Amino acid sequence: MHEKLIILDFGSQTTQLIGRRVRELNMYCEIIPYNKFPHDATDVKGVILSGSPYSVYDTDAFKADLSEIRGKYPVLGICYGAQYLAYTSGGNVESANSREYGRANLSYVNNEDPLLKGINTGSQIWMSHGDTITLLPDNFKVIASTDDVKAAAYHVEGEQTWGVQFHPEVFHSTDGTKLLDNFLNICGCAKDWTPASFIESTVAELKEQLGDDKVILALSGGVDSSVTAVLLNKAIGKNLTCIFVDHGLLRKNEFENVMKDYEHLGLNVIGVNAKDKFYSELAGVSDPEQKRKIIGKGFIDVFDQEAHKLKDIKWLGQGTIYPDVIESLSITGTVIKSHHNVGGLPDTMKLKLVEPLRLLFKDEVRRVGMEMGMQPHLIKRHPFPGPGLGIRILGDITPEKVRILQDADEIYMSLMREWGLYDKIWQAGVILLPIQSVGVMGDERTYENTVALRAVTSTDAMTADWAQLPYEFLAKVSNEIINKVKGVNRVVYDISSKPPATIEWE
Ligand code: XMP
């Protein structure tokens, strides 16, 4: 069992970010709902209390019993976490006159304190709070202030307990990572969580868990399922069978290219061409959720059919990653669209689940893939939705519309690579709109389709900004698409961020 840091989640939007920062410092950590601290916590080195959307004095604020934690482990409260520690020890927390949001600078720093070692006056921090600590309990000593906030950071005398009003996990807190690293040092963390150590221990665990059992895994062409396959392959070799379904809604030539990549990786893959099944089931269906349901069920049918041809399968491999796990434990999560990944398999299959990536963040999955020697183009691939182009063709789907969209998308993506923009973008794609408009080509009037280009920057797809692509690039893409893709006479660029828009249009 790996030593770990526990992050108690009081519902802040930045809780996952705290986890990622700690992992980047090569320390393993787990994010747990505020009231679920494990009783058998022998391998815990320290505890971080996250921020929260609540005020500590709200009647429905999240309240944790810290009696098993304070004094036993080093504790760092962040924002609400800091206020909660002060409030529950007899301090005072009040609504600030003005909500403090954004950059501030530390005007006083006690860098004799081990939490603030190497951090100096003037250091930029990121504040985001509506409340402020107006009175600290006697044994809480201020160790940093800003001009507006006296108790920007404090230490509890006689205890390994600290609180910071600001958010060290946020990029704009320039010494935030240093502060978190100082806390890990206070906790005596070995900081030996690396991709190589993860691979070694996971492969050993998988061998132990699976023995000679057979495993089946659905591949999507995406990073998560591919890395899962390579890890399982390392552990059990030919006892792993992968299935890659072509639902006819992949990018142009994607099926053939990805099959080659998989074979190159030495995976045992069955490729299934199920295009006709999907096209016929989707014919005439326009509602996005209905399309998702048909595609999701279609996947399961094909997968089930293939699995039944194999003998003695005991396990289903899945590329579930940590954000999905946290979301399913989440105390505040809301579902905006039903994201299907292959799941909900028929009970008759009676397979046990093996999910070797369930504790990794996306960037860690990529690092693990690189460490195992997977090709960069597989690892750095943009996310692509399970229902594929099916949710990028607005309205009903026909093979002809798929052809138009594939051709336009192919031009966009290859120019993006050529111009060195691909790796700067989180995700990009083309959307085929259900709109025809008038154009003119040569001497002829045309009445054809419009496509929208989408490109966003993001770190986790929860929020995203539209990417400010160069005009020259957009001009080139537009020209190429209109000249080369029969059926398109107009190209537009989507300049909406998420929220309030979403990345996909359906
Ligand atoms: P939205 O559109 O919700 O997308 O901003 C966030 C991320 O999720 C992907 N996405 C999906 N992935 N099945 C999937 O496997 C789906 O139904 C689905 N819908 C959206 C989207 O591509 C983006 O990366």
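Keep in mind that what you see is a predicted model, and the values were worked out from it rather than measured.

Glancing now at the confidence of the model for the chain. As a general rule, the predicted coordinates of low-pLDDT regions are not to be interpreted in detail. When pLDDT is averaged across the chain, the result is 93; 95% of the residues are at 70 or more. In this model, residues 333-343 is a region of pLDDT below 50 whose contacts with residues beyond four sequence positions or in other chains number 17 contacts.

Further remarks concern the packing of helix H7 (residues 275-282) against helix H8 (residues 288-309). For the pair H7 and H8, interaxial distance at closest approach is 10 Å and the crossing angle is 150 degrees. Here H7 is positioned roughly antiparallel relative to H8, judged by the angle of their axes. Along this stretch, H7 crosses H8, giving a crossing that reads as right-handed. Packed against H7, whose contacting residues are Lys277, Phe278, Glu281 and Leu282, the element H8 presents Lys291, Ile294, Ile295, Gly298, Phe299, Asp301 and Val302 at the interface. For the contact of H7 with H8, the class distribution of residues is six nonpolar, one polar and four charged.

Turning our attention to the pattern of salt bridges. Within the structure shown, the criterion is met by 27 salt bridges. Among the salt bridges present, the one from glutamate 68 reaches lysine 72, with a minimum N-O distance of 3.5 Å. Assessed through its relative accessible area of 55%, lysine 72 is described here as exposed. With a closest N to O distance of 3.2 Å, lysine 277 and aspartate 301 form a salt bridge. Of the two residues, lysine 277 sits in helix H7 while aspartate 301 sits in helix H8, which places them 24 residues apart along the sequence.

Interaxial distance between helix H4 (residues 195-210) and helix H5 (residues 223-236) falls to 8 Å at its minimum, and their mutual angle equals 60 degrees. Taken as axis vectors, H4 and H5 run oblique relative to one another. Crossing handedness for the pair H4 and H5: right-handed. Contact residues: Phe198, Ile199, Thr202, Val203, Leu206, Lys207 and Leu210 in H4; Leu231, Leu232, Lys234, Ala235 and Ile236 in H5. Split by residue class, the contact of H4 with H5 holds nine nonpolar, one polar and two charged.

About the cut-offs
- Residues numbered from 1 in each chain as written.
- Predicted model: local features only at pLDDT ≥ 70, side-chain atom pairs only at ≥ 80, totals over all residues.
- Heavy atoms only, no water.
- pLDDT = per-residue confidence, 0-100.
- Contact = heavy atoms within 4.5 Å.
- Axes fitted to C-alpha atoms, helices over the stretch in contact; angles between N-to-C directions.
- Helix = DSSP H or I, 4+ residues; strand = E, 2+ residues; numbered from the N terminus.
- Parallel < 35°, antiparallel > 145°, perpendicular 65-115°, else oblique.
- Left-handed = near helix turned anticlockwise from the far one by under 90°.
- Nonpolar A, V, L, I, M, F, W, Y, C, P; charged D, E, K, R; others polar.
- Salt bridge = Lys/Arg side-chain N within 4 Å of Asp/Glu carboxyl O.
- Buried < 20%, exposed > 50% of the residue type's maximum accessible area, 1.4 Å probe, protein only.

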